[in-house]
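Structural features, examined
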Amino acid sequence: MSLPQHRFTYRIPLYEIDMGQAVYHGRYFHFFELAREALLRQAGFSYPELVAQHFHLAVVEAVCRYRQPVRYNDDIDIITTIPLLKSRSIQFHHQLFLAATNKLATEATLTTVCITFAGKPAPLPQELREKLLAFSGKPKG
C-alpha cells in the first residue's frame, strides 16, 4: 500500500546555484523544509500554529542521496510522505524529481522531534497528530 503524498513544486532561482553551475548540496535541505511546511498546511496545521504553542520540529536525523544535479531554472517536484508518526516524532521522506524528465534527482529521509522552545522533547500537539494521521490515512491510536 502506498502512502498518501504531498507534491510541492519550485523553480530553482539563480541564488541557489554554486560555482559548479548546480544547486549547492546543502540547499536541498531548504527545499525539503519548504515541502514539509507545505504538507503541514495542506494537512490543516501550519508551522506558525506549532510555533504559537511554543513548539518546534527539530531535525534529529537526515539521510540524503544525491543522484543527479539540479540546475538554475529547473522546475522540480518534491513528493513528501510520512512513513512514521510517533508520539513525539515525525519521519518525512522526500523525493525530488526534475519536472521536465520526471527523473529522481535527490532523495532524503528526515526524522524530526517535537521540542519546546527550551529544547526539551515534548509530545506532538494532539491536533497536529490527528491531522497528520488523517492525512496519512492511518488509524488513530
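Now for a look at the structure at hand. (Residues numbered from 1 in each chain as written. Predicted model: local features only at pLDDT ≥ 70, side-chain atom pairs only at ≥ 80, totals over all residues. Heavy atoms only, no water.)

**Comments concerning the overall build of the protein**
To be explicit about the condition: Only DSSP runs of H or I reaching four residues or more are called helices, and only runs of E reaching two or more are called strands; each is numbered from the N terminus. Atoms considered for the radius of gyration are the C-alpha atoms alone. The globule rule reads 2.2 Å times the number of residues to the power 0.38.
The helix and strand inventory of the protein stands at three helices and five strands. Secondary structure of the protein in N-to-C order comes out as β-α-α-β-β-β-β-α. Radius of gyration (C-alpha) of the protein: 16 Å, near the 14 Å computed for a compact globule of 141 residues. Projected onto its principal axes, the C-alpha positions of the protein cover 45 × 35 × 20 Å.

**Re helix α1 (residues 28-43)**
So the rule is basically this: Expected helix span is given by 1.5 Å per residue-to-residue step, counting one fewer step than there are residues. Burial classification: accessible surface area is computed with a 1.4 Å probe over protein chains only, and a residue below 20% of its type maximum counts as buried, one above 50% as exposed, and the rest as partly exposed.
Given a rise of 1.5 Å per residue, 16 residues ought to cover 22 Å, and the 23 Å separating the end C-alpha atoms of α1 matches this to within 8%. Within the sequence span of α1, burial applies to Tyr28, Phe31, Phe32, Ala35, Arg36, Ala38, Leu39, Leu40 and Ala43. Within two residues after α1, Gly44 carries a phi angle of roughly 100°, on the positive side.

**A look at the environment of His56**
Rules: Throughout, a contact is declared for two residues whenever any of their heavy atoms are within 4.5 Å. Here a polar contact is taken to be a pair of N or O atoms separated by no more than 3.5 Å, where protein atoms must pair a possible hydrogen donor with a possible acceptor and residues adjacent in sequence count only if both atoms sit in side chains.
By the secondary structure assignment, His56 is in strand β2 (residues 55-66). By relative accessible area, His56 is classed as partly exposed at 34%. Sequence separation of His56 and Ala122 is 66 residues, and the distance between their C-alpha atoms is 9.5 Å. Beyond its immediate chain neighbours, meaning those up to four positions away, His56 contacts Tyr47, Leu50, Val113, Cys114 and Ile115. One polar contact links His56 to Tyr47, side chain to side chain, over a distance of 2.6 Å.

**Things to note about helix α3 (residues 126-136)**
The condition is simple: The directions from the helix axis to the C-beta atoms are what the arc is built from.
Listed as buried for α3 are Leu128, Arg129, Leu132, Leu133, Phe135 and Ser136. The buried residues of α3 occupy one face: seen down the axis, they fall within an arc of 160°. At its buried positions, α3 is contacted by β1 (6-11), α1, α2 (47-52), β3 (75-85) and β4 (89-98). Looking one or two residues past α3, Gly137 carries a phi angle of roughly 75°, positive in sign.

**Quick word on the packing of aromatic side chains**
Filter applied, for reference: Side-chain rings of Phe, Tyr and Trp, where Trp is taken by its six-membered ring, are said to pair if the distance between their centres is within 6.5 Å; with planes under 30 degrees apart they count as stacked, over 60 as edge-to-face, and otherwise as tilted. Comment: the charge-over-ring label is applied if NZ (Lys) or CZ (Arg) is within 6 Å of the ring centre and within 35 degrees of the ring normal.
In total, this model carries five aromatic pairs according to the counting rule given. Here Phe8 and Tyr10 contribute two aromatic rings whose centre-to-centre distance is 6.2 Å and whose plane-to-plane angle is 20°, an arrangement assigned as stacked. Following the ring pairs from residue to residue traces out a cluster consisting of Phe8, Tyr10, Tyr28, Phe31 and Tyr66. The ring of Phe92 is capped by Arg36, whose NZ or CZ atom sits 5.8 Å from the centre of that ring.

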